[in-house]
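# A look at the structure
The chain contents come next:
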Amino acid sequence: MTLNRLALIVSLLVSVVSRSDAHEDINEIILRLSKKIRQSPSTELYHQRAIEYRALREIDHARSDFLSALKRDPKHLPSLRALTRLSLDTADLCGALGFSLGVMKLSPKPADHLLMAEVYAKLSFAELAIAHLKKSPPESEHTHLLHAHLVQDPVKKANILKEGWKLTKSIVLRDSWLDALLTTDDWESAVPIIEKEIASSRFHAPWLM
């Protein structure tokens, strides 16, 4: 057996053991939280245990505990946000809409508007999604990527991505802007930028593959 092969096997074994230890730690946390809940249930305890269940990908248990937290406090924003994301991830769009609207009735932050925009986008309500994106975090590349995705006009799409890149300096947004620019009548303006990046070997957009 070569040293490289042996090193790979050892690395894999360490990774498996680490994941196992992590699961054991989470299970121990769940046991401690469960004991506390039996003794003195609270919104925060249910929410904390839901987070641990979510980490183990035990979605049904996580959802149940988030709902238990909400039952005790219907205005518990962290649980409303978590249930919105959980519903989106499990394609429960009706649930996602209900929980996200619950967030909006309270004291929504810019990140909450982005989450609301995601829900409306999934429901194909582009105009409503864009309205919330205007209140979403400008420093988040996802704000601009989702906005561009919802816009049909190639020029507007390219401009949104360009402005997003200027704000965030995100390489993902720069790649996407140049890709979008290549689909417009102004595609030639992208060529010098692309050629420069190819020459420097620092730019690896999909169209270079």
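Further up the page is the structure itself.
The following paragraphs examine the structure supplied in this document. The shown structure was predicted, so the numbers you read here are calculated from the model rather than taken from an experiment. (Residues numbered from 1 in each chain as written. Predicted model: local features only at pLDDT ≥ 70, side-chain atom pairs only at ≥ 80, totals over all residues. Heavy atoms only, no water.)

A few words now on the overall build of the chain. The helix and strand inventory of the chain stands at 11 helices and zero strands. Order of helices (α) and strands (β) in the chain, N terminus to C terminus: α-α-α-α-α-α-α-α-α-α-α. When burial is assessed residue by residue, the chain has 37% of its 209 residues classed as buried. Sequence-distant contacts in the chain: of pairs separated by 6 or more residues, those separated by 24 or more amount to 40%. Surface accessibility of the chain: about 13,000 Å² in total, with carbon and sulfur atoms responsible for 58%. (Helix = DSSP H or I, 4+ residues; strand = E, 2+ residues; numbered from the N terminus. Buried < 20%, exposed > 50% of the residue type's maximum accessible area, 1.4 Å probe, protein only. Contact = heavy atoms within 4.5 Å. Areas by Shrake-Rupley, 256 points an atom, 1.4 Å probe, with all protein chains shown as cover.)

What follows is about the packing of aromatic side chains. For the coordinates displayed, the defined rule picks out two aromatic pairs. Seen from their ring centres, Tyr-120 and Phe-125 are 6.2 Å apart, and the 50° between their planes marks the pair as tilted. Looking at Phe-125, the relative accessible area reads 41%, which means it is partly exposed. Centre to centre, the rings of Trp-165 and Trp-177 are 5.5 Å apart; their planes meet at 10°, and the pair counts as stacked. One end of the pair, Trp-165, is in helix 9 (residues 154-168); the other, Trp-177, is in helix 10 (residues 171-181), and 12 residues separate them in sequence. Between the NZ or CZ atom of Lys-169 and the centre of the ring of Trp-165, over which it lies, the distance is 5.4 Å. (Phe/Tyr/Trp six-rings, centres within 6.5 Å; stacked < 30°, edge-to-face > 60°. Lys NZ or Arg CZ within 6 Å of the ring centre and 35° of its normal.)

From the geometry alone we can't say anything about function, so treat these as descriptive.
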